[in-house]
Structures are given as C-alpha cells and as structure tokens.
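The residues making up each chain are set out below.
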Amino acid sequence: MKHFIIFGPPGAGKGTQAKLMVEKYNLRHISTGDLLRAEIKAGTKLGQMAKALIDDGNFVPDEMVLKLVKSEIAHHPDASGFVFDGFPRTTTQASAFESYLKSLGMDVNGVISIIISDETVMERIHHRALIEDRKDDMKDEIIRNRITTYHAKTEPLIDYYKKQEKYHEIDGEGTIEDIFAKISLLIERLSR
Ligand code: AMP
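Caption draft 1: The pattern of salt bridges, seen in detail. For the coordinates displayed, the defined rule picks out nine salt bridges. Across the pair Lys51 and Asp55 runs a salt bridge, and its minimum N-O distance is 2.5 Å. Of the two residues, Lys51 and Asp55 are both situated in helix 3 (residues 45-55); the distance of four residues between them amounts to about one turn of the helix. Where salt bridges share partners, they join Arg128, Arg134, Asp136, Asp137 and Arg146 into one cluster.

Caption draft 2: Local environment of the site of the ligand. Taken together, 15 residues are adjacent to the ligand, and Thr32, Arg37, Asn58, Arg89 and Gln93 come closest. Contacts to the ligand include Thr32, whose side-chain N or O atom sits 2.8 Å from a nitrogen atom. The side chain of Arg37 places a nitrogen or oxygen atom 2.9 Å from an oxygen atom of the ligand. Considered on its own, the ligand offers 480 Å² of accessible surface; in the complex 97% of this is hidden by protein. The element best represented in the shell around the ligand is helix 2 (residues 32-42), accounting for four residues.

Caption draft 3: Quick peek at the packing of aromatic side chains. Tallying each qualifying case throughout the model produces seven aromatic pairs. Ring geometry for Phe7 versus Tyr150: centroids 6.1 Å apart, planes at 50°, classification tilted. Highlighted residues: Phe7 in strand 1 (residues 2-7) and Tyr150 in helix 7 (residues 140-154), separated in sequence by 143 residues. Consider the rings of Phe82 and Phe84, whose centres lie 5.8 Å apart with planes at 35°: the pair is tilted. Taken as a pair, Phe82 and Phe84 share a single burial class, namely buried.

Caption draft 4: Examining the packing of helix 5 (residues 91-103) against helix 8 (residues 156-163) more closely. Running from N to C, helix 5 and helix 8 point in directions that differ by 30°, and their axes come no closer than 9 Å. On helix 8, the residues that touch Thr91, Ala94, Ser95, Phe97 and Glu98 of helix 5 are Pro156, Leu157, Tyr160 and Tyr161. Looking at the contact of helix 5 with helix 8 residue by residue, the class counts come to six nonpolar, two polar and one charged.

Caption draft 5: Just the nonpolar core, in detail. Core analysis: the largest hydrophobic core is formed by 31 residues, its most contacted members being Ile5, Phe7, Leu36, Ile73, Phe84, Phe97 and Tyr161. Breaking this core down by element, the ones donating at least two residues are strand 1, helix 2, helix 3, helix 4 (62-75), strand 3 (81-85), helix 5 and helix 8. Sorting elements by how many residues they give to this core places helix 4 first, with six residues. Beyond its immediate stretch of four places on either side in the chain, Phe97 contacts Ile5, Leu66, Val69, Ile73, Phe84, Phe87, Pro88, Val108 and Tyr161. Ala18, Val83, Ile114 and Val121 belong to the second largest nonpolar core, which has 23 residues in total.

Criteria and cut-off values
- The written sequence of each chain sets the order in which its residues are numbered from 1.
- The predicted nature of this model means local features are confined to residues of pLDDT at least 70 and side-chain atom pairs, given and counted, to a pLDDT of 80 or more, with totals for whole chains, interfaces and linings taken over all residues.
- Here the side-chain values reflect all heavy atoms present in the structure, with hydrogen atoms and water set aside.
- Every case where a carboxyl oxygen of Asp or Glu lies within 4 Å of a side-chain nitrogen of Lys or Arg is listed as a salt bridge.
- Each helix is a run of DSSP H or I of at least 4 residues and each strand a run of E of at least 2, with the numbering of both proceeding from the N terminus.
- Being near a molecule or strand, for a residue, means having at least one of its heavy atoms within 4 Å of it.
- Here a polar contact is recorded for every N or O atom pair within 3.5 Å, except that within protein the pair must consist of a potential hydrogen donor and a potential acceptor, and residues adjacent in sequence are included only if both atoms are side-chain atoms.
- Per-residue and other accessible areas were derived by the Shrake-Rupley procedure at a 1.4 Å probe size, with only the shown protein chains allowed to occlude residues.
- Classification of ring pairs uses Phe, Tyr and Trp, with its six-membered ring standing for Trp, and accepts pairs whose centres are within 6.5 Å; under 30 degrees between planes counts as stacked, over 60 as edge-to-face, and the remaining range as tilted.
- Partly exposed residues are those whose accessible area sits between 20% and 50% of the maximum for their type, while under 20% is buried and over 50% is exposed, using a 1.4 Å probe and protein chains only.
- Between the N-to-C directions of two axes lies an angle of 0 to 180 degrees, each axis being a line fitted to C-alpha atoms and, for a helix, fitted only over the stretch in contact.
- A contact between two residues is defined here by any heavy atoms of the two lying within 4.5 Å.
- When residues are grouped by polarity, Ala, Val, Leu, Ile, Met, Phe, Trp, Tyr, Cys and Pro land in nonpolar, Asp, Glu, Lys and Arg in charged, and all others, Gly among them, in polar.
- Take the buried Ala, Val, Leu, Ile, Met, Phe, Trp, Tyr and Cys residues and link them wherever side-chain atoms come within 4.5 Å; each set so joined is a nonpolar core.

Following this line, the structure appears as structure tokens:
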C-alpha cells in the first residue's frame, strides 16, 4: 500500500488534487473535513460535537479525527493506497498516525505540500464560497482564523516530515493541470 499526505493551507486545492490522484493512481481519498461534514449531515453524536467547532474555523479534537481515520483505513483493507487530505493537522495527530500505521506494518510514503500565499488562500476560499455551501468559507474572520491556526498548529508538521525525509513542496499558484502534472512526477518518483 502507498500512503500519501496532501498538505497545505485551507483553500490550497488539496481536495481537487487528491481527487485527481485517486483517479490516476487508484488510491482511496480520506478527507477528514469530508468525513466530519458527513457525520454532521447524518446527525451523529460525533457530528453534533464537531459542528460548532468547524463552523467557527477551529480544529476538532485530535482523538475525534484519529478515530475517523482509523475506521476508514480498517474498512478498506483491499485499497492499494490512500491519499490523506486535511490530515494530519497537528503533531499529536501525526505521531499517533505514525504509530497506528506502524502497528499495521505500513508507513507514509510521501508528503506533498502545496505552497500558496495567504492572499491566494483568501481568493480561493472566496471563490469556493460561491460554489460550495460551507459556513466556514463565508466570513473573512473565520477564514483568517483557519489561516492563523494553520500557521500555528499545522506548519510544525513540515519539520516533522522533513526530518523523516518525506516532505516535498509543489508550487500551488498555477492551474489545476499544471499542479497535477508536478504532483504526478513526484508520485512516480516516490513510487519507484
Ligand atoms: P477541511 O475540509 O479539510 O478544510 O476541514 C474543515 C474543518 O474540519 C476544519 O477547519 C476543522 O474544523 C475540521 N477538521 C478537518 N480535518 C481536521 C483535522 N485533521 N484535525 C482537526 N480538525 C479538522
């Protein structure tokens, strides 16, 4: 199994690129944001606990996302690999994830980091707000909170994965196709 993490700030295009990776490389997409939104839609207890946090642009507790991710992996034993989108987002999540994969005899193969500026994040999220109905995309104050949280809590993962020599950057300012071409080259190099 191959495990890739698609990494970057909110609005970087992680979901879009993850979907293309799934199609081309026969991977399964695990987006913790999508899983949480599905829990909210289904009205589960977990969804009810997560809703206010997500709407305000705050992280949900680490244990909550870890539970969702482990369950997804366990339910797809036949998958040829996964692309993790929006996870891990904290060093606690990353180390718990690493231990879990290790217990299954697996490892993260590569972290693909999409680099875009905070201004582009704002523009992309404003654009997405016109297409998708996400409360956390509607208010600038909440978008700014998510960007600040990304810098404070998620960026430390860059060093975490650099130390493991798994971290790779892609310039995220081009077109969807340009960015995917660069990601494809990287995946093919990492899969050799
Ligand atoms: P996303 O769709 O990845 O932008 O995620 C939407 C929201 O879900 C985030 O702003 C967080 O509130 C929550 N969320 C998603 N993934 C995680 C995670 N790995 N850790 C904590 N909260 C998360």
